[in-house]
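# Chains, contacts and geometry: an overview
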Amino acid sequence: QTCSALDGYPRVDNQPLRPNDLPAVQLFNDWQNSTVSILGNDALLLNVSSGSIRQAGYSNYTSQVELLSKIVTAEEVSRMLQLLNSPQTSLDQDPDTVDGFSTQEFFLDNDSLRNGESGKPGFESPEQAEHRRELRQALQNIAQPILEERITPYVNQRFPTCQGRCTPCYSLIRRYLYGERQSHAPHRDGHSFVTVVVSLSDYGTDYLGGLYVASETSHPYYLRLQQGDAAVHQSDLLHGVKVYPVETENGLHATRWSWILWFRDSEQCEDESHVWFKDCAEKGNPTCQMMHATKVSSIPGISSEEAMKEVVFWNQKAAEMGHATACVKLARALLGKLPSHLKKDRKEARKLFLRAIESSNDPDAQYGMATLYLEDASTNVILGRPNDDLVKKAVAHLEASALGGHPFAMFNLGMVHMMGYGTKIDHALAGEWFEASGLPEGLAARSMHYSSMGEPEKAAEFQRRAQSLGFGAPWRVLARESTGYGGAGGIDFNLPWPPNESNRVPPKW
Ligand SMILES: O=C(O)CCC(=O)C(=O)O
Ligand SMILES: [Fe+2]
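The rules behind each value
Residues numbered from 1 in each chain as written. Chains lettered and ligands numbered in written order. Predicted model: local features only at pLDDT ≥ 70, side-chain atom pairs only at ≥ 80, totals over all residues. Heavy atoms only, no water. Axes fitted to C-alpha atoms, helices over the stretch in contact; angles between N-to-C directions. Helix = DSSP H or I, 4+ residues; strand = E, 2+ residues; numbered from the N terminus. Parallel < 35°, antiparallel > 145°, perpendicular 65-115°, else oblique. Left-handed = near helix turned anticlockwise from the far one by under 90°. Contact = heavy atoms within 4.5 Å. Nonpolar A, V, L, I, M, F, W, Y, C, P; charged D, E, K, R; others polar. Phe/Tyr/Trp six-rings, centres within 6.5 Å; stacked < 30°, edge-to-face > 60°. Lys NZ or Arg CZ within 6 Å of the ring centre and 35° of its normal. Salt bridge = Lys/Arg side-chain N within 4 Å of Asp/Glu carboxyl O. Buried < 20%, exposed > 50% of the residue type's maximum accessible area, 1.4 Å probe, protein only.

Relative to each other, helix α11 (residues 388-403) and helix α12 (residues 407-419) sit at 140 degrees, their axes nearing to 8 Å. Classed by the angle they form, the pair α11 and α12 counts as oblique. In this structure, α11 meets α12 at a crossing whose hand is left-handed. Here Val395, Leu398, Glu399, Ser401 and Ala402 of α11 lie close against α12, whose contacting residues are Ala409, Met410, Asn412, Leu413 and Val416. A class-by-class count of the residues in the contact of α11 with α12 yields seven nonpolar, two polar and one charged.

Below, the structure is given as structure tokens:
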């Protein structure tokens, strides 16, 4: 049973995992096609593709996603891009709540703008404010008719539980660029009753990869979004973004602009999210149980003590059904890394990581197992040396985690090959892993690697890339700790590495 946690490990060829071994982009292609006319707008016939994605764990619940073809016209997209590509346009550089990288986004509408404040209070310099007001107004002039005539009517028709009140309460545009932000970690939009993402870029010519949906974090299925196409889903759908470059005569490049809309079920944009997941949680949907746990503290009148207990209660229910996110959160609580009233229980935490691996090969759980093995290796000293077998087990779990896409695992595989943990030192492979992680820290480590190889130009390029994601910003370390890989904290980026054969430990980042 416990062997199943490391399917395929140790690897038969006994070769270390390399970034080249990471899985290629797989497109989602299980679509049902239909045409939909929007009520009250006879002129508008939409081509809609519907997909159903099984939820993680031992239940048969599914999440839905729809793809709307060309809901925004080529002419509208090109007007938006012209504004966005103006040299004066500046995007937000504050930490993202999903991955703790610089957001690279620009809000057209949100709570604070409706209150007459700036798009992101505290993060906009007065010099930017004026141009941004004009840019926002110009973009809104294009966006508003699209919302009023097409997208909002579609959303209300598609989700009758909104009772006609579905309202786009947040509207923002995000940029992905090769050599800058290229990803957005896997997550669920807990603040959004319905999400609509319009791609302003073309799959295949502007970028590859892009928006993906998933049952389990380790198996993303990408949506082939063309310019003007939209993806529509609710908060239960696990999704993320990873942009891959296209090859051109002038080398590799990728640009992907997305226009993101988060709807609430309130015309006044009131936050009713504490009721969204209650019923389906009670009916036994594990994703709803895990999501409801994130909302209980905002139930009117609940005490913080009661809320704490409810959080654990609902996550336990979801974890019993093998829900990976719930298992991992509970395990971190049992290790004292997330706040809860639970007593520390390492054995139980380990069981939960193993359950998330068994149900979904969850990369966060693989990373958690690696962390536990490294702690064990340091406490089980043999003849003054850390236990090498346990270090090797930790490395195998890191490889499994990296295969599932975990950037913290990829970064730490860089440490494995730099320091020679359970393997010989291989600086080239270490450098490849640092880069593959795509993390600000990984790109900075890649820069140091090029520096040490006497390649100052490449070193400078990677230093620039690291900084564009927030490396060195005063908020980065805290942001990294509270977001982990997709919005949940309680994960150690700096793993408890024991001394290597030369009695050295990796630097702390
Ligand atoms: O940029 C995208 O396509 C989606 C981003 C996203 O999922 C989000 O911001 O919540
Ligand atoms: Fe999202």
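The subject of this paragraph is the packing of aromatic side chains. All chains considered together, the criterion is met by 17 aromatic pairs. Each ring, one from Phe313 and one from Trp314, has its centre 5.0 Å from the other, and the planes form 80 degrees; the classification is edge-to-face. Put simply, the rings of Tyr367, Phe408, Phe411, Phe434, Phe471, Phe493 and Trp509 touch in pairs and so form one group of aromatic residues. Lying across the ring of Phe159, Arg158 places its NZ or CZ 4.5 Å from the centre.

On to the pattern of salt bridges, then. Tallied over the full model, the rule gives 29 salt bridges. Notably, a salt bridge pairs Asp376 with Arg346, separated by 3.1 Å at the nearest N-O pair. Here Arg346 lies in helix α9 (residues 346-360) and Asp376 lies in helix α10 (residues 363-379), a separation of 30 residues in the sequence. A relative accessible area of 19% places Asp376 in the buried class. On the basis of relative accessible area, Arg346 is assigned to the partly exposed category, the value being 35%. One network of salt bridges, with partners in common, ties together Asp92, Asp94, Asp96, Glu105, Lys120, Arg132 and Arg174.

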